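Here's the letter readout for the chains.
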Amino acid sequence: MLVNSGSINARPHSAHSPFTRSVNGRRHSAIPDLSRCSLRVRSSKFSSLSLLLLHPAARSSNRLRVRAVAGAEAGGSAPAFDASPGFPEPFSVKIPVGDRHILVETGHMGRQASGAVTVTDGETIIYTSVCLADIPSEPSDFFPLNVNYQERFSAAGRTSGGFYKREGRTKDHEVLICRLIDRPLRPTMLKGFYHETQVLSWVLSYDGLHSPDSLAVTAAGIAVALSEVPNSKAIAGVRIGLVGDKFIVNPTTKEMEESDLDLLLAGTDSAILMIEGYCNFLSEEKLLQAVEVGQEAVQAICKEVDALVKKCGKPKMLDAINLPPPELYKHVEDIAGDELLKVLQIKGKVPRRKSLVSLEDKVLTILTEKGYISKDATFVAAETIPDMEVDEDEDEEVVVDGEIDEGDVHIKPVSRKPTPLFFSEVDVKLVFKEVTSKFLRRRIVEGGKRSDGRTPDEIRPINSRCGLLPRAHGSALFTRGETQALAVATLGDKQMAQRVDNLVDDDELKRFYLQYSFPPSSVGEVGRMGAPSRREIGHGMLAERALGPILPSEDDFPYTIRVESTITESNGSSSMASVCGGCLALQDAGVPIKSSIAGIAMGMVLDTQEFGGDGTPLILSDITGSEDASGDMDFKVAGNEDGISAFQMDIKVAGITLPIMRNALLQARDGRKRILAEMANCSPPPSKGLSKHAPLIHVMKVRPEKINLIIGSGGKKVKSIIEETGVEAIEAQDDGVVKITGKDLSSIERSIAIIGNLTMVPTIGDIYRNCEIKSIAPYGVFVEIAPGREGLCHISELSSNWLAKAEDAFKVGDRVDVKLIEINDKGQLRLSRRALLPDPDPKEFGTQQTAGVAGEEPASGPSTDKAADIEQTKDKVSVAKVTGSTKSISTEQTIQPRKKAIKRLVSPAKDKAYINKERPKKSSSKAVSSISANDESTLVNGEAKIG
């Protein structure tokens, strides 16, 4: 029965408090009696603090000199300092984890919190505190636990890149770690404890080597165990990596770069509570081996934590637990039992939910009519006149009747709440939900049928279709029973990548990301719309990591990929529906994935003996929302027929063992195969080709030292190319890779020609025909020999005859033939027109010959033009429009450029890596660079194939 007493519920302070003295084995207050100006209350959270505020003399005396605990077990000494009475003494202990130790310290920081620890691994330090409200919240079926985790940029010697230069909104990866802390803690909290509990965790120092996430889970478990929050057992968390064939406990970030597995496991000394991980299609047996290694590591940590709690832990607030009266269960079952059996057989989620709400109202009405619930203001007194006599069996704690304000401390009298006559309405609703869950579990175990009539291992009907959104690059609608996900894939260049600001990388870019949204309409309700919730962020990351291993490399497919999954209907397992829908949407967008992937959610009824079973846990495939809420496990597994790519398990009871997990994994594998077979029958099927609305990306390779020529001063050159050709973006990387993004093929071809000529390697002796004069100077003219590439033809090289001014013979826009006669140290080109003119009359000019003309063929005769090579060695086929199915193409395959362009220019053999060996026919048009028949760049004819 819920009883709201007028006394303050608080935790007893230490028996060695300086404000108590022992007389004949009993404790008495060492402070004068203040009963004339105060009320005696049974307990108070701030008792010691209250006394300090009231008695300055006591505050100045009885100070405790806190000693440091040293020794082998403590793992080091703590500096001695003055501490206020009632605070815990500093204590530290080293706990072995894997191949090293972590240092756990308490009593040094956050001494006013109910529990606070710092945990150190290498030079990574996590500080975690636990506090709880003085007054309990209204009873509910959801424990009021709030977890916040924050990575301080100062931990890595950095400052936030934002305008305000301080940490702000919780980032997505911090939200994910909050969930990792919350999920294993929640099952250990005792039912009936309604004091709001807050766990705060900060990364104070980060060395870039030891990850803080698994450390934060362990720190939170230790802090809760040391606090007054009543919980069943201490928890700890570890990460497991797989390098080669060796499992590593809490691997470093460098080891994780080579790991095939990223598994984070949390549990107690006897059972597993939570696992979450991602891998590259590991087998079920390999995953079980990793879980076994992690469980052993967690058990070792928990044993050390239990020893620490015995020395430093605070008494648990077991007296604050309020459970519904046991007799209320019988009343609810008698009133609703028969009708509840019929309601649970309704297959539709919405009709069943409405029937349950109606039945709950009926139970409340009947109990009210019988007088068990009073909705009127008829209450009994909850407070009697306080007894002013001293109770020698317990510490006397006093508080002034009024507000005390000294410094930052405010103590207000607690208002006395009246107590209902018998049952509260909240108790009835809680009991009704528990009874409903009990009846549902009994129906599954005894009858072998679930609410929708399925057997334990049966999958709901599946229907999927692709291409339903004509303007989207890829789309799919995946329906499984009453759960439906609309997945949309969008392709773009690097500018579409998601930027992640973390402790180490200044500018981390995600090439693939999946965003999950769960609108209230998906469950037929009205709710808030706004920023994504923690649940949405967590489900989206699970689906994203599940699909990651099937994506092609950036070299093979240089697109940034975004997948949006909007849940349009929900009745369980919506995150796994996002995996299935996302896989189909990727195929519909033309992404050459390595294999198809499906996801499934598994449930469990652990104690079947309670409902007439043989005691063997009952595993359920493809669970619904009610089975998730009433069951003991939510185990999500994604992968293909050969292995697992992502998994997430939450346990709502004391935990499960490895044999149970093995059965669940094997049953999940069978379910995945059936789902994959249904996805293969998708109608209409995915197009597997790029949409006509998707952008084109062409990748070409130039010499790294030529990148600056493409970018230009302050990016002016690359901007001018974009404006001139109409492409969307040009990305030039330091390694010489250039990516051109555009909407149409012609604009990309123009950009290729300009960039090719900018980065070509000119050779002395090359001849350029029909080149335009771009500008005239007093000392000569500047001639464009290729798009964006100019050289100077000095006035002395313009004509065989003497010229006073270049303007006398030429004007801007005239076209001339020139020969390259010199390249200076700065790479500037010197050209000559005179070198291509006919030899002068010997009678007039004697035997003089123009330098550089000897041995050249006359311009009027047939000549072989040389040109600089276009440095496009190993141009990768990036992406162009695909009209048919996705096919691979070797690096030797090419597509001929459009003929209207261009005359090929050929370099001498000394630049072998950049030579085009074919010589084009002589043409009167200007020579610019294009793509050779054996060049490995493949974006030309309007059609390219993806590999």
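Use the structure listed above.
About the cut-offs
Residues numbered from 1 in each chain as written. Predicted model: local features only at pLDDT ≥ 70, side-chain atom pairs only at ≥ 80, totals over all residues. Heavy atoms only, no water. Helix = DSSP H or I, 4+ residues; strand = E, 2+ residues; numbered from the N terminus. Buried < 20%, exposed > 50% of the residue type's maximum accessible area, 1.4 Å probe, protein only. Pairing = 2+ DSSP bridges. Axes fitted to C-alpha atoms, helices over the stretch in contact; angles between N-to-C directions. Core = buried A, V, L, I, M, F, W, Y, C linked by side-chain atoms within 4.5 Å. Contact = heavy atoms within 4.5 Å. Phe/Tyr/Trp six-rings, centres within 6.5 Å; stacked < 30°, edge-to-face > 60°. Lys NZ or Arg CZ within 6 Å of the ring centre and 35° of its normal. Expected span 1.5 Å × (residues − 1). Arc of directions from axis to C-beta. Polar contact = N/O pair within 3.5 Å; in protein donor to acceptor, adjacent residues only side chain to side chain. Salt bridge = Lys/Arg side-chain N within 4 Å of Asp/Glu carboxyl O.

### Brief notes about unusual backbone geometry
Next, step 1: The residue after Ser683, namely Pro684, is reached through a cis peptide bond having omega -5°.
Next, step 2: Mapped onto the fold, Pro684 is located in the loop between α13 (658-680) and β30 (696-701).
Next, step 3: Its identity as a non-glycine residue notwithstanding, Phe281 has a phi of 60°, on the positive side.
Next, step 4: By secondary structure assignment, the location of Phe281 is in strand β15 (residues 272-282).
Next, step 5: Despite not being glycine, Asn770 has its phi angle at roughly 55°, a positive value.
Next, step 6: The exposure class of Asn770 is partly exposed, given its relative accessible area of 23%.

### Details of the sheet that holds strand β33 (residues 767-777)
Next, step 1: Pairing is mixed around the closed barrel formed by five strands, whose spatial order is β33-β34-β35-β37-β36. Shown here is a sheet whose adjacent strand axes are inclined to one another by a mean of 55°, direction ignored.
Next, step 2: Two strands pair when backbone bridges link them, and strand β36 (residues 815-823) and strand β37 (residues 829-832) are joined in this way by four bridges, in the antiparallel orientation. Bridging from a neighbouring strand, Leu820 pairs with Leu831 of β37.

### Section: the nonpolar core
Next, step 1: Core analysis: the biggest nonpolar cluster contains 142 residues, and Leu261, Phe635 and Met661 have the highest contact counts within it.
Next, step 2: Per element, the largest residue contribution to this core is 11 residues, and it comes from helix α6 (residues 284-312).
Next, step 3: If we ignore the near neighbours within four places in the chain, the residues touching Met661 are Ile272, Ile275, Leu288, Val291, Phe635, Met649 and Ile656.
Next, step 4: Counting 24 residues, the second largest nonpolar core, distinct from the first, contains Ala336, Leu359, Val363 and Ile373.

### A short note on the packing of aromatic side chains
Next, step 1: Under the defined criterion, the tally for this structure stands at five aromatic pairs.
Next, step 2: Between Tyr779 and Phe782, the aromatic rings sit 6.4 Å apart at their centres with planes inclined by 85°, giving edge-to-face as the arrangement.
Next, step 3: For the cation-ring pair, Arg442 lies above Phe439, with the distance from its terminal atom to the ring centre recorded as 5.5 Å.
Next, step 4: Residue placement shows Arg535 over the ring face of Phe518; its charged tip is 4.3 Å from the ring centre.

### Looking at helix α8 (residues 349-369)
Since the α-helix advances by 3.6 residues per turn, residues separated by three or four positions end up pointing in the same direction.
Next, step 1: Taking 1.5 Å per residue, 21 residues should reach 30 Å; α8 reaches 30 Å between its end C-alpha atoms and fits that length.
Next, step 2: Listed as buried for α8 are Arg352, Leu356, Leu359, Glu360, Val363, Leu364 and Leu367. Down the axis of α8, the buried side of the element spans an arc of 140°, and every buried residue falls inside it. Pointing more than 90 degrees away from the buried face of α8 are the exposed residues Lys354 and Glu369.
Next, step 3: Against the buried residues of α8 lie α7 (326-343), α9 (425-447) and α12 (625-630).
Next, step 4: Phi turns positive one or two residues past the end of α8, at Gly371, with a value near 90°.

### Brief notes about the pairing of β36
Next, step 1: Sheet topology places β33 next to β36; four bridges connect them, and they run antiparallel. Note on β36: the bridge partner recorded for Ile767 is Lys819.
Next, step 2: Connecting β36 to the antiparallel partner β37 that follows it, the hairpin turn spans five residues, and Gly827 within it adopts a positive phi of roughly 85°.

### As for the side chain of Ser799
Next, step 1: Mapped onto the fold, Ser799 is located in the loop between β35 (789-794) and β36.
Next, step 2: A polar atom in the side chain of Ser799 sits 3.1 Å from the backbone nitrogen of Asn801.
Next, step 3: Not counting the four nearest positions on each side in its chain, Ser799 is found in contact with Arg833, Arg834 and Leu837.

### A word on the pattern of salt bridges
Next, step 1: Throughout the structure, instances matching the rule amount to 38 salt bridges.
Next, step 2: Close ionic contact of Arg769 with Asp817 constitutes a salt bridge, the shortest N to O distance being 3.2 Å. Taken together, the residues span a long stretch of sequence, with Arg769 in strand β33 and Asp817 in strand β36 at a distance of 48 residues.
Next, step 3: The exposure class assigned to Asp817 is partly exposed, which follows from its relative accessible area of 30%.
Next, step 4: Arg834 serves as the salt-bridge partner of Glu797, at 3.7 Å between the closest nitrogen and oxygen. One end of the pair, Glu797, is in the loop between β35 and β36; the other, Arg834, is in the loop between β37 and α17 (842-845), and 37 residues separate them in sequence.
Next, step 5: The exposure class of Arg834 is partly exposed, given its relative accessible area of 23%.
Next, step 6: What emerges from the salt-bridge pattern is a single network uniting Asp452, Arg454, Arg460, Arg480 and Asp622.

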